[in-house]
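Summary of the model geometry
Read off the chains here:
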Amino acid sequence: MLFLNTAAATMSPVALFLQADWVVRGVMIGLLLASLWTWAIILSFGFRVGAVKKGIASFETEYREADDIDEFHRRAAGRDQPIARVFSAGVTEWRRSTTGKSIDRGGTRDRLATAMGAAVAQEIDRLADRLNFLATVGAVAPFVGLFGTVWGIMRSFTSIAAEQNSSLAVVAPGIAEALFATAIGLFAAIPAVIAYNRYSHGINRVEQRLNRFADGFHATLSRRLEMEA
Amino acid sequence: MALTRSEAIGLAVAAIGHIGLFVFLSPAMAPAPEKLVSTPIAVSFADDVALESSAPVISSEEEAAKKSPVEAPVEPDSAPPEPVSEPEPAARPQPAPPKPAPAPAEKPKPAPPSKPAPATKPAPPAKTAAAAPPSNPRSQPRRDVRPTGNLEGLDLGRTNNRNNGTASTPPAAMTGQAAADIGSAIQRQVQPCADRQVNPGPGADQIRVVVNLRINRDGSLAGAPRIVGHTGVDDTNQRYVTRVDDAVRAIFAGCSPLRGLPADLYDVPNGWKSFTLRYRLKS
């Protein structure tokens, strides 16, 4: 009965890690780093998406209340926010297109739409930069953990064969250490998948709001283009 | 892929969280609980091994009456087990009236205080202490017997009534103690073979196999060990009985001849010529 106590004592992560051989150790270390980076991305993404949404809301309010676009541009263009960059991309393109002697209205509208669309796409690209890592971890980490498990179980079968003894005391530590690899894999993968789905949804909503703002601004500029003509 | 500020903060928080979880899951980092160390103790029950008591039987009532003119306050039928306590009622003046012993004799009055006749006195211890043969080491202390100068009682104390008062105990008899000694000697000698056996399964060490060994005088086995019976078999270890039997046969066959068994106990009744013991696989 005593060996059961010792087996229970070796269930701590450190002991399981130290018992494993180097392949399983490599798997465990890799998965642990993946989990670390996953959580770093999750946390930083939480901050960033929240800040972006808040910036969009306040910027739209200010934009609606502003009378003069040029004056508002001077005030707001320098902000480090995606929506401010989209706005200033539109304003920059507008100024470039309207400084010439003859104004091609159709071409100006197209260029305005293109410039702001490009600005939106760039902002979304920048935001979604780390998301692919979450997707990769969510898809691959269980398999990597499973690889460690299969390797560890193969090894414990080998030790059964070597000792010619199938008692639980011989088999259990190897299997426990092998299953620990899968446990770490799932530990890394589950938050990654959840966060990936949630942040993909959040990024899509940010992109839609930016596009709506760009469309509205484009409509405003387009109206002014007709008035100035 | 340079870290932005929010990513650096997130990384730090994640690292702290991982370390916290790691510490939480590592009871090994906490002070280790004391381990219970139970050192096994070898215990042998003499009654289990010596299947027949070899202690001398007390003489019957009539013979005692013949030899002692005075009826003594004794418990006539109390069997050998406690010879130590029995001399007491005889030696002490006011013995044991409250005892509900079916003593046929009149109550102790005659003997007690004066001890007038030294010739009559030693008779009671003689009869009662007949259960204390010298071969039984545990029955020695006769505390309260007072010297009377008469050896008759002492002589009678040595007798075995089966032969009407003459000493009949052979020079070496298979007592329970001796049988237990032989049993443990055999178990000790077969232990190396037992260590080589694989425990068939959980609960198999609860099975006690009653095994009969026919042993030659030189210690070798005259025949294969015979399995006489089992105890300790229940539902959980039922299926291991056959394998335990095989293991026991292999153990005794593999570690014979047996050395160092007392030669004078070979051919006596219940001697180790044919020795039956209960054996249990150690886990």
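Residues numbered from 1 in each chain as written. Chains lettered and ligands numbered in written order. Predicted model: local features only at pLDDT ≥ 70, side-chain atom pairs only at ≥ 80, totals over all residues. Heavy atoms only, no water.

Let us look at the side chain of E177 of chain A. Residue and element names in this part refer to chain A. Examined against the element boundaries, E177 turns out to sit in helix 8 (residues 168-228). Residue class for E177 comes out buried when judged on its relative accessible area of 3%. Those residues in contact with E177, other than ones at most four positions away along the chain, are L16, Q19, A20, D21, V24, M28 and R155. (Helix = DSSP H or I, 4+ residues; strand = E, 2+ residues; numbered from the N terminus. Buried < 20%, exposed > 50% of the residue type's maximum accessible area, 1.4 Å probe, protein only. Contact = heavy atoms within 4.5 Å.)

Linking two cysteines covalently via their sulfur atoms produces the bond known as a disulfide. Residue and element names in this part refer to chain B. For the coordinates displayed, the defined rule picks out one disulfide over all chains. Shown here is the disulfide that connects C193 with C255, its sulfur atoms set 2.0 Å apart. Judged by the sign of its S-S torsion, about 95°, the bond between C193 and C255 is right-handed. A residue pair is termed long-range when its members are at least 10 positions apart, and C193 in helix 7 (residues 176-196) and C255 in the loop between helix 8 (241-254) and strand 3 (274-280) qualify at 62 residues. A relative accessible area of 15% means that C255 is categorised as buried. (Disulfide = S-S within 2.5 Å.)

Turning our eyes to something else, we now look at the packing of aromatic side chains. Overall, the coordinates contain 16 aromatic pairs over all chains when judged by the stated rule. Ring plane angle 70° and centroid distance 6.1 Å describe the contact between Y63 of chain A and F87 of chain A, whose orientation is recorded as edge-to-face. Of this pair, Y63 of chain A sits in helix 3 (residues 22-65) while F87 of chain A sits in helix 5 (residues 82-98), and the two are 24 residues apart along the sequence. Assigned by exposure class, Y63 of chain A and F87 of chain A land together as buried. Ring centres of Y266 of chain B and W272 of chain B lie 4.7 Å apart, and the angle between their planes is 70°; on these two criteria the pair is classed as edge-to-face. (Phe/Tyr/Trp six-rings, centres within 6.5 Å; stacked < 30°, edge-to-face > 60°.)

It is worth spelling out the UniProt feature "transmembrane region" (unreviewed entry) in chain A at this point. All names here are of chain A. Those residues carrying the UniProt feature "transmembrane region" (unreviewed entry) are residues 27-47, 131-154 and 174-196 in this numbering. Taken end to end, residues 27-47 comprises 100% helix and 0% strand; its first and last C-alpha atoms sit 30 Å apart. Counted over residues 174-196, helix gives 100% and strand 0%. Its end C-alpha atoms are 33 Å apart. (UniProt positions renumbered as here; feature names shortened; annotations may be inferred.)

All names here are of chain B. Counting buried positions along strand 1 (residues 208-214) yields five of seven residues, so the element is predominantly enclosed. By the bridge criterion, five bridges tie strand 1 to strand 2 (residues 226-231) in an arrangement that is antiparallel. When the sheet's bridge partners are listed, V209 is paired in strand 2 with H230. In this sheet, strand 3 lies alongside strand 1 in antiparallel orientation, the contact comprising seven bridges. Paired with N212 across the bridge in strand 3 is T276. (Pairing = 2+ DSSP bridges.)

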